[in-house]
Amino acid sequence: MAPPQHILLAEPRGFCAGVDRAIEIVERAIQKFGAPIYVRHEIVHNTYVVNDLRAKGAVFIEMLADVPPGATLVFSAHGVSRAVQQEAQARGFSIFDATCPLVSKVHVEVAKLAKQGYEFIMIGHKGHPEVEGTMGQLEHGIHLVQDVPDVARVRPAQTHKLALVTQTTLSVDDAAEIAAAVRTRFPGVREPKQQDICYATQNRQDAVKLLSPQVDVVIVVGSPTSSNSTRLRELATKLGTTAYMVDSADELQAKWFDGLARVGLTAGASAPEILVRQVIDRIKALGAVSVRSMAGIEETTKFPLPKGLRMAAATDLSTMARMTQAGPAQE
């Protein structure tokens, strides 16, 4: 069978500002306070990133009881519940919050409207740490829906003050469909002033919508636990293009490319560019002769670090320099 000939790179792809910030918080904490630094849950959902930080001195835990007294603790980019925040404070840890500011915005909105007597419908995936963190901002009055049928099963205590919130890493199209069902059942529901799905998630999905029709197969670089990466694979498949998600270049299978001339390549918001370059090298070893980047949105958003980490030494290398070794757009 003929090998693949061309690789088309989605733009944008890979790390977003929230992931950059979360990784840098852990790295700077290690540099400033020394290892170990404890991190509740994976800082972001990517195997390479977690293993890299673990090698540098990060210890990933789920239970705060596993953190020794007086230790430095980082909350992951997905956010945590109020109960976790309160327990961490009660245990006396030195805390740095790496929650993505776009997730924090949802938490603030929930807290504000709850004081005004609102109940909430949250569109999201049960068990995802971001969903647990957002729902954990309240003791009651927030109802999770995962799909359109769930909307019919929601039983809020009242409907005159009802607000809608969304997990930030969902499929834009799927979330819109569920939101439409919520509006149909609860016409007076209050929606966010700006949609909760983050700009980076939407940009990467929009890029896949442009990429998929131009290629024979789509490869998504991302870990199985990454919601936004999984949505990219699902989206390409929904658009009629065969798609696979890989955690590393080692997972690529030559048979995926047999007889296919054009390979599309993207990466979830928690996947570093170094993995993309390794996947490119592997596909080129199978026979691809050209690599081209699509035109796409240039993301310039950058979120500030927590106050206690902003004065780290000027010699610190940036996350982008170390973990997003971007190659040339054209080859």
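Residues numbered from 1 in each chain as written. Predicted model: local features only at pLDDT ≥ 70, side-chain atom pairs only at ≥ 80, totals over all residues. Heavy atoms only, no water.

### Focus: the packing of aromatic side chains
- In total, this model carries three aromatic pairs according to the counting rule given.
- Among the aromatic residues, ring-to-ring pairing joins Tyr 244, Trp 256 and Phe 257 into one connected group. (Phe/Tyr/Trp six-rings, centres within 6.5 Å; stacked < 30°, edge-to-face > 60°.)

### Here we look at the sheet that holds strand 3 (residues 58-61)
- Spatial ordering of the open sheet is given by 3-2-4-5, a layout of four strands whose pairing is parallel. The sheet terminates laterally at strand 3 and strand 5 (94-97), the two strands that pair on one side only. Taken over all neighbouring pairs, the strand axes of this sheet differ in orientation by 30° on average, direction set aside.
- As paired elements, strand 2 (residues 37-40) and strand 4 (residues 72-75) share three bridges and run parallel to each other. Bridged to Arg 40 within strand 4 is Phe 75. (Pairing = 2+ DSSP bridges. Helix = DSSP H or I, 4+ residues; strand = E, 2+ residues; numbered from the N terminus. Axes fitted to C-alpha atoms, helices over the stretch in contact; angles between N-to-C directions.)

### What about the sheet that holds strand 7 (residues 142-145)?
- Reading across the sheet, the three strands line up as 7-6-8 and stay open at both edges, with parallel pairing between neighbours. Edge strands, defined here as strands with exactly one partner in the open sheet, are strand 7 and strand 8 (162-166). The sheet shows a mean angle of 25° between the axes of neighbouring strands, taken without regard to direction.
- The pairing of strand 6 (residues 119-123) with strand 7 spans four bridges and is classified as parallel. Bridging from a neighbouring strand, Met 122 pairs with Leu 144 of strand 7.
- Where helix 4 (residues 101-115) meets the sheet, it contacts strand 6 and strand 8, and its direction lies at approximately 170° from that of strand 8.
- Its contacts with the sheet place helix 7 (residues 172-185) against strand 6, strand 7 and strand 8, and it is angled at close to 150° to strand 6. (Contact = heavy atoms within 4.5 Å.)

### Examining the packing of helix 8 (residues 199-211) against helix 9 (residues 227-238)
- Across the interface, helix 8 lies against helix 9 with an axial gap of 10 Å and an inter-helix angle of 25°. Considering their axes alone, helix 8 and helix 9 lie roughly parallel with respect to each other. Classified by chirality, the crossing of helix 9 by helix 8 is right-handed. Every residue of helix 9 that contacts helix 8 at Thr 201, Arg 204, Gln 205, Val 208 and Lys 209 is listed here: Asn 228, Arg 231, Leu 232, Leu 235 and Ala 236. (Parallel < 35°, antiparallel > 145°, perpendicular 65-115°, else oblique. Left-handed = near helix turned anticlockwise from the far one by under 90°.)

### A look at the pairing of strand 3
- One ladder, built from four bridges, connects strand 2 with strand 3; its direction is parallel. Across the sheet, the residue bridging to Val 39 is Phe 60, located in strand 3.
- What joins strand 2 to strand 3 is helix 2 (residues 47-56), and the crossover it makes is right-handed. (Right-handed = clockwise from strand over helix to strand, strands pointing away.)

### Concerning the confidence of the model for the protein chain
- Confidence along the protein chain averages 93 in pLDDT terms, with 93% of residues attaining 70 or more.
- Predicted confidence for residues 324-331 stays below pLDDT 50, and this span has 21 contacts to residues more than four positions away or in other chains. (pLDDT = per-residue confidence, 0-100.)

### Topic: the nonpolar core
- By size, the foremost hydrophobic cluster in this structure holds 27 residues, and its most contacted members are Val 26, Ile 43, Leu 53 and Val 74.
- Elements represented by at least two residues in this core include exactly helix 1 (17-33), strand 2, helix 2 and strand 3.
- Apart from residues lying up to four places away in sequence, Val 26 is in contact with Val 39, Ile 43, Leu 53, Ala 58 and Val 74.
- In terms of nonpolar packing, the next biggest core, distinct from the first, is built from 22 residues, Ile 7, Ile 219, Val 246 and Ala 271 among them. (Core = buried A, V, L, I, M, F, W, Y, C linked by side-chain atoms within 4.5 Å. Buried < 20%, exposed > 50% of the residue type's maximum accessible area, 1.4 Å probe, protein only.)

### A look at the environment of Glu 132
- By the element assignment, Glu 132 lies in helix 5 (residues 129-135).
- A relative accessible area of 47% places Glu 132 in the partly exposed class.
- Separated by 34 residues in the primary sequence, Glu 132 and Thr 166 place their C-alpha atoms 12 Å from one another.
- In contact with Glu 132, not counting residues within four places along its chain, are Ser 81 and Gly 127.

### Observations regarding the pairing of strand 11 (residues 262-267)
- Among the six residues in strand 11, five count as buried, and that is most of the element.
- Direction of pairing for strand 1 (residues 6-9) relative to strand 11: parallel, over a ladder of four bridges. Looking at strand 11, one finds that Ile 7 is bridged to Val 263.
- Pairing of strand 9 (residues 217-221) with strand 11, which is carried by five bridges, proceeds in the parallel orientation. Bridged to Val 218 within strand 11 is Gly 264.

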